[in-house]
Amino acid sequence: MKFFLVFIISWFSIAYANEVQDRTNSITKNLRCLVCEGQSVYESNSDFAKDIKTFVSKKIKEKNTDEDIYEFLISKYGEEIILNPDFSNKFIFLWIAPILFFLIGIFFIFRRSNEIR
């Protein structure tokens, strides 16, 4: 019976550790490393990234939600820490600009091809 109890406790602790690690990875993949160029915190090995990974893991163990963690990091480092920002009015130009530039490019290509004929 003791072996079974130890087995169950071990299994739950491993499952909890995996859940914490999975959530930490999920969050840090969406955070920009402010030291590295174009890398996420998950990919980076800088001291900043290590500190953020530790912080996120600690906050998850303290039962904070993902939104709470993001809100704290945004309040401390600004919106640029988010690697893939949500669609919002602040970032509407970033979402629309590629489409707009594509359409302008197509317009000039067709206009140029009509001039050549």
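Above this text you will find the structure in question.
Residues numbered from 1 in each chain as written. Predicted model: local features only at pLDDT ≥ 70, side-chain atom pairs only at ≥ 80, totals over all residues. Heavy atoms only, no water.

Another aspect to go through is the nonpolar core. Counting 16 residues, the largest nonpolar core has I27, L31, I52, V56, I69 and L73 as the members making the most contacts within it. Elements with a minimum of two residues in this core: α1 (2-28), α2 (47-61) and α3 (66-77). At six residues, the largest contribution of residues to this core is made by α2. Those residues within four positions of I69 in sequence are excluded, and the remaining contacts are I27, F55, V56, K59, I60 and N64. (Core = buried A, V, L, I, M, F, W, Y, C linked by side-chain atoms within 4.5 Å. Buried < 20%, exposed > 50% of the residue type's maximum accessible area, 1.4 Å probe, protein only. Helix = DSSP H or I, 4+ residues; strand = E, 2+ residues; numbered from the N terminus. Contact = heavy atoms within 4.5 Å.)

The subject of this paragraph is a nonpolar patch on the surface. A cluster of nonpolar residues, I92, F93, L94, W95, I96, L100, F101, I104, F107 and F108, forms a patch on the protein surface that exposes about 1000 Å² of accessible area. Inspection of the secondary structure puts F101 in helix α4 (residues 92-116). (Patch = residues over 30% accessible without salt bridge, like charges linked within 9 Å, V, L, I, M, F, W, Y side chains within 5 Å. Areas by Shrake-Rupley, 256 points an atom, 1.4 Å probe, with all protein chains shown as cover. Salt bridge = Lys/Arg side-chain N within 4 Å of Asp/Glu carboxyl O.)

Turning to α2, a few remarks are in order. Side chains three or four residues apart in an α-helix point the same way, a direct result of the helix having 3.6 residues per turn. Relative to the 21 Å expected for 15 residues at 1.5 Å per residue, α2 spans 21 Å between its end C-alpha atoms, a close match to the ideal helical length. Every buried residue of α2 is accounted for by F48, A49, I52, F55, V56, S57 and I60. Where α2 ends, the next residue or the one after it, K63, has phi of about 70°, a positive value. (Expected span 1.5 Å × (residues − 1).)

Honestly, it's all geometry; don't read function into it.
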